[in-house]
Each structure stands twice: as structure tokens, then as C-alpha cells.
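Chain residues, written in single-letter form:
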Protein chains: 2
Amino acid sequence: MSDSFVAGLREWIKIPSIGVDPAHRVDVQRSAEWLAAQLSEDGWPEIQIWDHGPALPAVYACWPAVDPQAPTVLVYGHHDVQPVDPLDRWHHPPFEPVTSGDELRGRGASDDKGQVAMHLLAVKAHLAATGQNAPSVTLKLFVEGEEESGSPHLRKLLEDHRQDLVCDLVVFTDTALHERDAPTVNTGQRGVLGGEITFFGGADDVHSGRAGGAIPNPATALAKLIAALHSDDGRIALPGFYEDVREPSTQERADYAELPFDEQKWLAHNGGGAQALAGEPGYTTLERIWVRPTAEVNGLSSGYTGPGLKTIIPATATAKISFRLVPDQLPEKVADQLREFVAKHTPPGIRAEVSFRGEGVPPYAISPDDPANATVKEAMELAFDQPVRFARAGGSGPAAVLQAWLGVPLVYLGATLPDDRVHAPNERVVVPLLLKGAEAAAHLWRMLPERLTR
Amino acid sequence: MSDSFVAGLREWIKIPSIGVDPAHRVDVQRSAEWLAAQLSEDGWPEIQIWDHGPALPAVYACWPAVDPQAPTVLVYGHHDVQPVDPLDRWHHPPFEPVTSGDELRGRGASDDKGQVAMHLLAVKAHLAATGQNAPSVTLKLFVEGEEESGSPHLRKLLEDHRQDLVCDLVVFTDTALHERDAPTVNTGQRGVLGGEITFFGGADDVHSGRAGGAIPNPATALAKLIAALHSDDGRIALPGFYEDVREPSTQERADYAELPFDEQKWLAHNGGGAQALAGEPGYTTLERIWVRPTAEVNGLSSGYTGPGLKTIIPATATAKISFRLVPDQLPEKVADQLREFVAKHTPPGIRAEVSFRGEGVPPYAISPDDPANATVKEAMELAFDQPVRFARAGGSGPAAVLQAWLGVPLVYLGATLPDDRVHAPNERVVVPLLLKGAEAAAHLWRMLPERLTR
């Protein structure tokens, strides 16, 4: 089963389904068709490709449970992949997958084709182990084609296919383990809100000898605003920003503290080679990236940035800023807080514009004590044969949107690694971990009817 | 005399002597040759073109006084001109001068060919008025070809031609009146020191979901440094920065206060259309730009600055910063102060680099009470037939270098206007003002032998 699993995944990776690139739209369609054909071959009785726009093609499938009274589980994933730039840093063509030791390398091997394939394998394993001709729960599969584009039409898909997607639990596949030797169950993701602040001074850049010292400098003013965004102790200074922040429980903090954490390794693999840790006092690094909100400057531009010197007072200055949000923060509330903050920190003679990219992605978390979540942990421990701890993810995804629209709990089940180089050259997946993940999911389908009350 | 003056200046303007553009090097040479030919036609007995590099060609001329005991005056100017971009905003080709009312329009008409030509005319007027065949003072003319490039070889020229340039007084031509109806004598220019500060975080930009909140953000850190560069009241917070700042005298401040100043007009013409005045408390706008030092951010760049959003923690952040300096500040001392300030404001995990563009330009000022300066004012009042006040200039130039190397006082005599659009499209000069300036210089050569003790 493992050989045919890898062979199938290789075929799928060969289809360059880069959703953000219009030139690859046809490949997103081909990728959806490949998945539909695979599901058909695996025996799924109901398969649909949702390709009537505006969303890029999504695949939906359903396999009713042996027992019509059994709960329904919706497995969410995506089949679009990230672009491949910079191409010259790949050691092999990104869409010609290669095997190296126990790794399979190629764009999408980890994010998210590998984890969707893992769930297909799980169903086969579940049927083989139980000897059933249908799963113990009604399984629904929803694999969208726009996740790497920020899922712009997800709400519309959920609305258009409300009846198809009715379920009792969502299993979110796009998630990783803490480390190879420290398997974890994710219990949440941060939200994100990104925007741009521009300060306008005069109509033109001005010679700094002519007017320097007598008119406001938008770059200096913007620097003062950014400086004021954090207090000296590193906390975010937007009034009311922490009001809705849910503190992690003592148990969660204890769980995180037990996870292995090598500072130098983390800085090298996750910190982009940063030279030191930094952040909010009173929280560990893992807490800072998992359960605490942030305000980060993503970009700055103003005036003259070429070689040498140009002694001007710039006409404008712009900062791109994004916030990572944690439960129960609301992107729209933080947007209002930022607007108010900018208005308060705009000096006389400067005009400010604030804009946001979309409405933001809300944060999501599920309690470790939730019965479905506890079952995932148990299934993982059976498969991995070692203690599994709860963890969180620092990034953002559509979990909160799925949970809110479908009105049911959402749990995470994935088996990739944080250093799989997703979104980067030489993406890989560790195959034995996917096999264990499939085993965990197979256990989960078996266990859920008893644990999940509808 | 006026018609032939304008005709000559038109010919000179037609030579596109853009010194910063290597493609126009030959034109700088042609411009020097034009000037030398004109001086020869005017009867100057000694004329040299200094064109043996590394400096672009400069013109030197000398006309010994009637009385060998008379003092020597060195007139400084430049014959290179600014580039003409953006060309599409000119209403006529920049090197095909046109006359409009009493204006002559073209690149270099004001800065500085017009004012050099004004001094040539002054010598002719002086000889005509006195009936002498030689001037009352020994006149030396030094017209460099690199001023718009920042005079990079000026010190070398001064060193190589030390004997030629010996004098008792320097007259600096590259200066303007306050307003058409408010003639002024400039008594100084600010210095300038420009540099670049870069903060380095990690080796690569990092996904802000992955590490946001746990590593230092160089853009945020740089904003905090820039914010700290000014205290809340708008003063510059570099320790020791104001130690060497010479306060203007009560008389100087009273003089400046008597000059006409229309805030809206000033903002439109000098402030690039800025929406309000701003600056150091306790000083007027003219004081802020003339006698007070500044620290201005000239440019910012960090992270992602394209369209949309990229949720990264940037690897680096850079600010271009320049200081305008006033007597008796020294650029090298301010450079040290900035280096110390950056070191103090570099947070853990960030590496800083500070670099300066050259060694900076020192500030210069001469007392209104200096006998040579008082004589310039008197000569201007005779020519303009109205009260002339002392003023300053906010920009920077080689005055301090000339004064320091030649070891004699330096005074300013020019008759252009701040809104002549120098360095911008549609540069112009007001011809009647140049004629009055020439008359003032003619008076000056006549009066100086009695006023200037050698």
C-alpha cells in the first residue's frame, strides 16, 4: 500500500497546480481531475468537481457510513500549490518529484497534496482494518483550489454547497507536527489582518536645505507612529488590543513547555537566521508564536532609496503592517483600533490613509478537552506509539471560517514537519510520517462513532 | 550693455554643461572654453583653463588692480549645471533659452551662469564708471565645473593652485535674494552630513506566522531609532548635538523678522506644497531653515513594498538620513554622535551598519559686522536704491571649504531669487535683478580699497 501511495502522490505532484498564477489555471483543473479519478479508483461513491467559478476548481466527495446513524466528518484540504520562485535554488525541477532517503521532494509534497493523499490512504487502511465496505463514519472530502491565494471564494463555496457540506466535525489536514520525534496535535491557528499606512506631506519631495526643519517629514512621523505601536516592554500599544485575548490554560502552557525546543536550531530553521530571540515578556518563544498576538512591520518605503544620497524631505511614507491575532480577537475590531491609533498619531500637516487587504482571517482554537480533539490525540498516540502533546500553529488559515460557517468543531490531523520548506525551494515530505498520519486517521474513523455525540 | 549681456548669457546657456552626466563632459569643456573666450574679449589679461583632471574643467582669470597695493578679491562661481529631468515638464527645450517678459529661461540661467555673467558685466561697468583701464582691486575669477556634483575635487584644486588663488576676500556668487522686493545679503549657509543606517535581523525575510512575535523586527527597531532622533518638542536628541550651535545675534533675528514672509506662499514655493509649518519651538520658519540644524529622514526601505501584502518579518531595514548643520558644528563630530546614538539604540539580535557619504560639507557664516560684509550691503543699497537686510541660506555649498583653505573672509553677492526653479524644470533668471547685482558689484570694487585693510 505504501509503494502505490508514493507512486500516486508523485503523479499528483507532477501537475503544477499553482493557483495564484493564471497561466497555471488549466493545471489546477487537471489537478482536480486527477484527484477525482483517484477517489473513483479508491471506490468513493459520490465525487464532484466544483469548477463553475468564481472559485478555482474544488473537489468534493462523500462516502456514507456503514451505519446511517454514524456521525459525518468533513476532511478539508487544498490541491493548489505555492509558486516555485526562486527556481535556481531548487536542486531538482520542482514538478519532477525525487525520492531521497525517506523523503519525497517536490512542490506540494507537504503542502497540501501529501496530507490529502494521506487521508485517502487512511480510508483504504480503515476499510482494510475493519473489513467493512464503507467507513465507520460518513466521510466527506472538500479539497479547495485557492488556499494559497487566501481562499477568496471559500465563503461563497460554503454558501453554494451548504447542503453537501453538512457535518458533525471538520478535520483540517493542512497542519504539521512539532518535530519528527515530538508528534503533536494542533489546537489552533492565529488569525491575520494586514494593511498599509501612508503618511502624506507635501505634493513633491522637497530639497532639505530649502525647507528642512520647517515642514513635517512624513518618514519621521511614520517612524514615530510605528515606534508607538509597541510599548517599551514589547507589548502592542493599540488601546483595547488585548481585551479579547484568551490566555492559554495552565495545562496548555505546561504542554508547550514539555516540547523539545532548541533555541539555535529554531532560529536557524524558523527564524530566518535571526541572531537572537525577542518578544513579549512573560511568555516563552512557543507561546509568543502560538498564543500571543503580534504587530509586525512587513515593509517600509519612503523618499529616495537608490544608491548614494538625495537630501530631500519625502512627500510620502508608507508602512505595510500585519497583525497576527489569537482567540477571541476579531480582525474588524483590530482594524478599527488601528484606524483610531493612526488618527491619534498623525501630526499636524500630515494626512494619513489606512487600508486593509480584505477583511482579515479570524483566529481559531479548540479546547484540548473537546471530545473530538481528545480522540484525535488518542488516535495519534496509537499510530505513533509515543506520547502526543497538544500544540498550536503561528500561521493563519481558513479554520475559523470553516468552523463558523459549518457550526461544528474543527480538529487538526496532519503529519508534516515545520522544516518541510513549504512555500520555499526544495519542499519535501517525510513519507513514514505520512504513513503514521494515515494510520492515525484510520484509528480516528473507527473511534469517532463512540466518542462523537451528534 | 544689457542687450549684449543677455545675448552672451544665451550663448553660454546653449552649452549643456551637465557635469554629473559623463555624456556631457565635452560640454563642460566647451562651457569652460566659452567663458575663457568671453573673458578674453572683455580684456582680462590672464586666463587659464584648468582641465588636467581629476576635476572637470575650471576657469581661472586675473586682472591686476590699477594700484599694485590694492587688495585682491577672488570671485567664486561654477559653470556646470543641473540635469534637466523631468524633461517633459519643461515648457521649452532647456538648452534653447527663451525670453519671457523680463525673464530669461533655460538651464543654468540662474544657477550659476547668470550670476557669473553678472560679475563679468560688473567689471565692464566698473571700468566704464571709473574710466580706468584696470579695476580698483585685483580681481581673480575662479569658476569650477563640479559644484553640482558636490565639488569633489575642490580641495585638490585649491591645493594645486594655491599661489594663483591668494586673495584678501572671496566673493561667492551662487546665492539669492530673499524676494524680488526684499533684496538681501546672505551671511552664511548650513552644512550637510548625509548617511545611511541599516539594521540587519536574520539572513532572510521570515514568514510572520512562523516567527512573528519571537524574533526582532529590524523595521520596527529602525522606526524606534528614528523616533528617538527627535525629542517630543522637535529638538534633535543626539547627545551633544547642540553644544557647538552658535545662536544668531539679537540683531540678526530682528533683521530676519523684518523680512516679508507669507506662510502660504512659502509653503507652496519652498515647502513642496506641504500642508503646514512645523519645527523647533522658539524659532521662526526663517530661523528654522537658516540658523538651526536639522535631522531629516531622506528615504526608508525595508521588506516588501510592492502591491498587496506579504506577511514577512524583513531581514533588513535602511534609512537614509541627512543633517543640516550650522556654525560651529563639525560634520565629523556629528558623524561620531550618530554612530554612538545608533550603537545605543541597536536592540539585541540586530546588527547595525552606519555609513556616510563623504566627509560632509561644513557650515559657514560671516558676521554682519565684518567690514567686507558691511561694504557689500552698502554697495547693494546703492544699486537697489532701497534698504538691504542680512539673511542666510538653508542649503549647503563650498563656502566653508573656500574660507578655510584661503584663510580670508568670504562674502556673498548674488541677485537671483529663491523661486528661480533652480534644479527644477523651467529654470529662469530675472534680468533686471542681474543688472542691479552687476551695478552692486561695480560699486563694491570701487569701495573695497578703502574698506579692506590687507
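As recorded in an unreviewed UniProt entry, chain A goes by Peptidase M20 and comes from Lentzea aerocolonigenes.

(A) Geometry of the domain arrangement of chain A. Residue and element names in this part refer to chain A. Domain boundaries in chain A define domain 1 (2-189 + 363-451), domain 2 (191-242 + 295-361) and domain 3 (246-292). For domain 2 versus domain 3, the separation of C-alpha centres amounts to 28 Å. Counting from both sides, the interface comprises six residues of domain 2 and, opposite them, seven residues of domain 3. Summing both partners gives a buried area of about 570 Å² for domain 2 against domain 3, and 45% of it is carried by carbon and sulfur. Of the residues assigned to the side of domain 2 that touches domain 3, the class counts are three nonpolar, no polar and three charged.

(B) Expanded view of the relation of the copies chain A and chain B. Mapping chain A onto chain B calls for a screw motion: a turn of 180 degrees about the axis and a shift of 0.0 Å along it, with 0.1 Å RMSD after fitting. What the rotation and shift describe, once combined, is the action of a two-fold rotation axis. Most of the interface of chain A is mirrored in chain B: 100% of its interface residues are interface residues there too.

(C) Here's a closer look at the sheet that holds strand β1 (residues 46-50) of chain A. Residue and element names in this part refer to chain A. Taken in spatial order, the six strands line up as β1-β2-β6-β3-β7-β17 in an open sheet, and their pairing is mixed. Each of the sheet's edge strands pairs with one partner strand only, and the pair in question is β1 and β17 (410-412). Looking at each pair of strands side by side, their axes are set apart by 20 degrees on average, direction ignored. In this fold helix α12 (residues 399-406) packs onto β3 (72-78), β6 (138-144), β7 (169-172) and β17, with an angle of close to 150 degrees to the strand it touches most, β17.

(D) Just the pairing of strand β2 (residues 58-63) of chain A, in detail. All names here are of chain A. Taking burial as the measure, the six residues of β2 include six buried ones, the bulk of the element. Here β2 shows no split at all, with Ala-58, Tyr-60 and Cys-62 on one side and Val-59, Ala-61 and Trp-63 on the other all buried. Of the pairings in the sheet, the one linking β1 to β2 comprises five bridges and is antiparallel in character. Across the sheet, Trp-50 pairs through a bridge with Ala-58, a residue of β2. Across five bridges, β2 lies against β6 in antiparallel orientation. If you follow Val-59 over to β6, its bridge partner there is Val-143.

(E) Local environment of the sheet that holds strand β15 (residues 364-365) of chain A. Residues and elements named next belong to chain A. Strand order across the open sheet formed by three strands is β15-β8-β16, with mixed pairing between neighbours. Strand pairing shows two members of the sheet lacking a second neighbour, β15 and β16 (389-393), which therefore form its edges. Strand contacts of helix α7 (residues 250-258): β8 (184-189) and β16, with the helix running at about 90 degrees to β16, the strand carrying the most contacts. Packed on one face of the sheet, helix α11 (residues 371-384) meets β8 and β16 and runs near 150 degrees to β8.

(F) Here's a closer look at the interface of chain A and chain B. Taken together, the contacts link 79 residues of chain A with 80 residues of chain B. Of the roughly 5800 Å² buried where chain A meets chain B, counting both sides, 52% is carbon and sulfur surface. On the chain A side of the interface with chain B, the three residues burying the most area are Arg-210, Leu-300 and Leu-309 of chain A, jointly 12% of the side's total. Where chain A touches chain B, the interface holds zero salt bridges. One can count 42 residue pairs in polar contact (both at pLDDT 80 or more) joining chain A with chain B.

(G) A look at the packing of aromatic side chains. Here the structure, examined in full by the defined rule, presents 24 aromatic pairs over all chains. Of the aromatic side chains, those joined through ring pairs into one cluster are Trp-50, Tyr-60, Tyr-76, Phe-142, Phe-172, Tyr-364 and Tyr-412 of chain A. The ring of Tyr-242 of chain A has Arg-235 of chain A lying over it, and the distance from NZ or CZ to the ring centre is 4.1 Å. Over the face of the ring belonging to Phe-200 of chain B we find Arg-351 of chain B, whose NZ or CZ atom lies 4.2 Å from the ring centre.

(H) A look at the pattern of salt bridges. Residue and element names in this part refer to chain B. In the structure shown here, the tally under the stated rule is 48 salt bridges over all chains. The residue Glu-280 makes a salt bridge to Arg-235 at a minimum N-O spacing of 3.2 Å. Of the two residues, Glu-280 sits in the loop between α8 (263-269) and α9 (285-290) while Arg-235 sits in the loop between α6 (218-228) and α7 (250-258), which places them 45 residues apart along the sequence. Residue class for Glu-280 comes out buried when judged on its relative accessible area of 5%. Looking at Arg-235, the relative accessible area reads 31%, which means it is partly exposed.

(I) Summary view of the packing of helix α2 (residues 25-42) of chain B against helix α3 (residues 113-130) of chain B. Residue and element names in this part refer to chain B. Orientation of α2 relative to α3, taken along the N-to-C sense of each, is 15 degrees, at an axis distance of 11 Å. As judged from the angle between their axes, α2 and α3 are roughly parallel. For the pair α2 and α3, the sense of crossing is right-handed. Residue-level contacts link Ser-31, Leu-35, Gln-38, Leu-39 and Asp-42 of α2 to Lys-113, Val-116, Leu-120 and Lys-124 of α3. In terms of residue class, the contact of α2 with α3 is built from four nonpolar, two polar and three charged.

Cut-offs used in this document
- Residues numbered from 1 in each chain as written.
- Chains lettered and ligands numbered in written order.
- Predicted model: local features only at pLDDT ≥ 70, side-chain atom pairs only at ≥ 80, totals over all residues.
- Heavy atoms only, no water.
- Domains from an automatic or database assignment.
- Contact = heavy atoms within 4.5 Å.
- Buried area = accessible area lost by both parts, 1.4 Å probe.
- Nonpolar A, V, L, I, M, F, W, Y, C, P; charged D, E, K, R; others polar.
- Least-squares fit on C-alpha atoms with pLDDT ≥ 70 in both.
- Pairing = 2+ DSSP bridges.
- Helix = DSSP H or I, 4+ residues; strand = E, 2+ residues; numbered from the N terminus.
- Axes fitted to C-alpha atoms, helices over the stretch in contact; angles between N-to-C directions.
- Buried < 20%, exposed > 50% of the residue type's maximum accessible area, 1.4 Å probe, protein only.
- Salt bridge = Lys/Arg side-chain N within 4 Å of Asp/Glu carboxyl O.
- Polar contact = N/O pair within 3.5 Å; in protein donor to acceptor, adjacent residues only side chain to side chain.
- Phe/Tyr/Trp six-rings, centres within 6.5 Å; stacked < 30°, edge-to-face > 60°.
- Lys NZ or Arg CZ within 6 Å of the ring centre and 35° of its normal.
- Parallel < 35°, antiparallel > 145°, perpendicular 65-115°, else oblique.
- Left-handed = near helix turned anticlockwise from the far one by under 90°.

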